[in-house]
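Chain residues, written in single-letter form:
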Amino acid sequence: MKKPAEETSGSRILLVEDDHSLRLALRDRLASEGYRIETAADGDQGVLAAREGDHDLIILDVMLPGRSGFDIVRELRRRRIETPILMLTARGDVTDKVLGLQLGADDYMTKPFEFIELLARVEAMLRRPALGSSRPNEPFTFGRVQVNLRSAEVLCGGKPVQLSAREFRLLSHFIENQDVVLSRNDLLDAVWGYDAMPTTRTVDVHVARLRQRLEVDPANPRYILTVRGLGYRFSPRGE
C-alpha cells in the first residue's frame, strides 16, 4: 500500500514500544514506506524523545516500563506539545481507550492489528493540515470563548484552554461549518480522515471534552449542540 510521495514522504515519526520484535518490525515497515523513524523502548526514553524531538506523529504504546503511555500523553499535553499521538493498546477495556483520548491522544488502535490499517491511520493523521495554516488572524469569538485559528490558541473567560491537536481541529471544523448539522461520519472523515467502526465513541468523547472546557454548563450546552439522531451542530450565537 504505497502512498503518494508528496503527501507524507519523509515525515518524522517517533515510535515508543517496549516489545523488541514489534518495535523493529514497525520501524522497518514504516521506514520502507518513506518515513523517518525514531524509536524508544520505554516510557522515560519516550517522553524525553518526544519533548526534545521535532516529530510529525508519535505512535505510543500504553503498557511501557517506567512511565506508561497515559503518563506520557499527560506530560506532553501539559507542556503544550501538540504533536498528534496514536496510542497502541493490548487492553480490550473501552475505558482505557477513552482515558487515552481524554488525556489528549488523537487516536488509538488495539493490538493485534494489521499493518495496513496502522499505515492507513498514520497516513490519515499526517494528511491533516498543520494547525493555523491558511487561517484568519482575527480571533473568532463565541460566548466567553476566543479562538485564534492561526496560532491555535483558545481562551475561555480570558484564561488559556489546553486542547489536544485533534480537539482543536474538531473545534475549528465546527467554526468553519457554523449552524450546519454534521453527522459523526462527517466529523470522522473531516477531522480524523478515515471511516471508523460504527460503534466508535471517538467523536462523542472529543465533543464531551470540548464542552467540558468551553461551555458554562457542559450538561446543557449552548454552543456545541446535539441534534438527536443526526449528529452535532455548532451555534456561535448560543441557544
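Worth saying up front: this structure is predicted, and the values here are computed from it rather than measured. (Residues numbered from 1 in each chain as written. Predicted model: local features only at pLDDT ≥ 70, side-chain atom pairs only at ≥ 80, totals over all residues. Heavy atoms only, no water.)

### With respect to the sheet that holds strand 9 (residues 159-160)
Point 1. Read across the open sheet, the 4 strands follow the order 6-7-8-9; overall the sheet is antiparallel. The strands lining the two open edges of the sheet, one partner per strand, are strand 6 (140-142) and strand 9.
Point 2. Judged from the 3 bridges that link them, strand 6 and strand 7 (residues 145-148) form a sheet pairing that is antiparallel. When the sheet's bridge partners are listed, Thr141 is paired in strand 7 with Gln146.
Point 3. Helix 7 (residues 165-176) rests against strand 6, strand 7 and strand 8 (153-156) of the sheet, and its axis sits at about 100° to strand 7. (Pairing = 2+ DSSP bridges. Helix = DSSP H or I, 4+ residues; strand = E, 2+ residues; numbered from the N terminus. Contact = heavy atoms within 4.5 Å. Axes fitted to C-alpha atoms, helices over the stretch in contact; angles between N-to-C directions.)

### Section: the packing of aromatic side chains
Point 1. Scanning the model with the defined rule gives 4 aromatic pairs in all.
Point 2. Ring pairing ties together the aromatic residues Phe140, Phe142, Tyr223 and Phe234, which thus form one cluster. (Phe/Tyr/Trp six-rings, centres within 6.5 Å; stacked < 30°, edge-to-face > 60°.)

### Quick notes on unusual backbone geometry
Point 1. The peptide bond linking Lys111 to Pro112 adopts the cis configuration, its omega dihedral lying at -5°.
Point 2. Relative to the assigned elements, Pro112 resides in the loop between strand 5 (107-110) and helix 6 (115-127).
Point 3. One non-glycine residue with positive phi stands out, namely Asp179, at about 65°.
Point 4. With relative accessibility at 33%, the residue Asp179 sits in the partly exposed group. (Buried < 20%, exposed > 50% of the residue type's maximum accessible area, 1.4 Å probe, protein only.)

### Comments concerning the packing of helix 7 against helix 9 (residues 202-214)
Point 1. It is the contact of helix 7 with helix 9, at a shortest axis distance of 10 Å, that shows an interaxial angle of 85°. Taken together, the axes of helix 7 and helix 9 lie roughly perpendicular to each other. Residues Arg166, Glu167, Leu170, Leu171 and Phe174 of helix 7 pack against His206, Val207, Arg209, Leu210, Arg213 and Leu214 of helix 9.
Point 2. Looking at the contact of helix 7 with helix 9 residue by residue, the class counts come to 6 nonpolar, 1 polar and 4 charged. (Parallel < 35°, antiparallel > 145°, perpendicular 65-115°, else oblique. Nonpolar A, V, L, I, M, F, W, Y, C, P; charged D, E, K, R; others polar.)

### A look at the pattern of salt bridges
Point 1. Under the defined criterion, the tally for this structure stands at 18 salt bridges.
Point 2. Across the pair Asp44 and Arg67 runs a salt bridge, and its minimum N-O distance is 3.5 Å. Of this pair, Asp44 sits in helix 3 (residues 43-52) while Arg67 sits in the loop between strand 3 (57-61) and helix 4 (69-78), and the two are 23 residues apart along the sequence.
Point 3. Look at Asp44 and you get partly exposed, because its relative accessible area is 44%.
Point 4. Salt bridges here are not isolated pairs; linked through shared partners, they connect Arg51, Glu75, Arg78 and Arg79. (Salt bridge = Lys/Arg side-chain N within 4 Å of Asp/Glu carboxyl O.)

### Some details on the confidence of the model for the protein chain
Point 1. Averaged over all residues, the pLDDT of the protein chain is 84; the fraction at 70 or higher stands at 87%.
Point 2. Contacts for the low-pLDDT stretch residues 1-8, under 50 throughout, to residues beyond four places or in other chains number 16 contacts.
Point 3. The low-confidence segment residues 131-135 (pLDDT under 50) makes 13 contacts with residues lying over four places distant or belonging to another chain. (pLDDT = per-residue confidence, 0-100.)

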